[in-house]
Amino acid sequence: MLDSLIVIGLATVSLGTIQEADGVQEHTFLLRNTGSQPVAITQTYTSCHCTSIEAPRQLEGQKEDSVTLRFNPQGKGGDFEETATIIYTPLSAGEGKGKTLQLSLEGTCITSEETLLRQFPIRVSDSLRLSTDHFDLGIMHVGETKQRTVVLLHRDDGDRQEPVTVTFTPSAGTPKGLQHINYPLFPTNNTRQDLPSIGEAEGGLTIRLDVLIK
């Protein structure tokens, strides 16, 4: 049998719903070397700086050892899934090629008020905030399409976050040069007349698109 590491139990573990204010969360996984020869753990890395991994450098044949993942929720919000990758090399003769094993932590993070205000700095009303009120689309040509996403925070609906896709395509009639365009948003669970305007367009919520039309 080729030397190989396996996870005893689940390779993806749910932390459930956590609070950002609770700080670092961790889970310990148990690994087993199913082969008869030692394996060296040569490298580990994670999908985000918010997650760290603590692993042994070597695991003997037919032995078990633990690996701990730690997730720091500071500045995080909503659903998350962070992955740690372990690269290991069997030390038996002729087995010099690295193999990989992945472990994951997932869950939902409830952010602090301070983080929410940083993530949604644009106040529209007491019940609505935005992740941004403008996008710089750079240089565009007639017929070209660019998309961006603005997220609405509904404070009166459990801080529900609603992504809205902004799609812009200059037409032949769009003036050339630098343009500042008021783009209307259409939240899926609100009518336009129910929302205050942060742009100049009448009758609804708008954001500004800065674009240089060539």
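Residues numbered from 1 in each chain as written. Predicted model: local features only at pLDDT ≥ 70, side-chain atom pairs only at ≥ 80, totals over all residues. Heavy atoms only, no water.

Colleague: With reference to specific residues and values, describe the nonpolar core.
Modeller: Core analysis: the biggest nonpolar cluster contains 23 residues, and Leu5, Phe29, Leu31, Leu69, Ile86, Leu101 and Leu103 have the highest contact counts within it. Every residue in contact with Phe29, bar those within four places of it in the chain, is listed here: Val7, Leu10, Ala11, Val13, Asp65, Ser66, Val67, Leu69, Leu103, Ser104 and Leu105. With 18 residues, the next largest nonpolar core counts Leu130, Met140, Val150 and Leu152 among its residues. (Core = buried A, V, L, I, M, F, W, Y, C linked by side-chain atoms within 4.5 Å. Buried < 20%, exposed > 50% of the residue type's maximum accessible area, 1.4 Å probe, protein only. Contact = heavy atoms within 4.5 Å.)

Colleague: Any details on the sheet that holds strand 2 (residues 12-19)? Residues and values, ideally.
Modeller: Strand order in this open sheet of five strands is 2-9-8-4-6, and the pairing throughout is mixed. Taken across any chain shown, the strands that pair with only one partner, and hence form the sheet edges, are strand 2 and strand 6 (58-59). The pairing of strand 4 (residues 39-46) with strand 8 (residues 78-90) spans seven bridges and is classified as antiparallel. Across the sheet, Gln43 pairs through a bridge with Ile87, a residue of strand 8. (Pairing = 2+ DSSP bridges. Helix = DSSP H or I, 4+ residues; strand = E, 2+ residues; numbered from the N terminus.)

Colleague: Let's hear about the pattern of salt bridges: which residues, and what values?
Modeller: As enumerated under the stated definition, the model contains eleven salt bridges in all. Notably, a salt bridge pairs Glu113 with Arg155, separated by 2.7 Å at the nearest N-O pair. Here the residue Glu113 occupies a position in helix 1 (residues 113-119), and Arg155 occupies one in the loop between strand 13 (146-154) and strand 14 (160-168), the gap between them amounting to 42 residues. Taking relative accessible area as the criterion, Glu113 reaches 43% and is therefore assigned partly exposed. Its salt-bridge partner being Asp157, residue Arg160 comes within 2.6 Å of it at the nearest N-O pair. Look at Arg160 and you get partly exposed, because its relative accessible area is 24%. A network of salt bridges, in which partner residues are shared, links Glu26, Glu54 and Arg70. (Salt bridge = Lys/Arg side-chain N within 4 Å of Asp/Glu carboxyl O.)

Colleague: Which residues make up the packing of aromatic side chains, and what values go with them?
Modeller: Within the structure shown, the criterion is met by one aromatic pair. Their ring planes at 15° and their centres at 4.2 Å tell us that Phe71 and Phe80 sit as a pair that is stacked. Comparing Phe71 with Phe80 shows no difference in burial state: the two are buried. (Phe/Tyr/Trp six-rings, centres within 6.5 Å; stacked < 30°, edge-to-face > 60°.)

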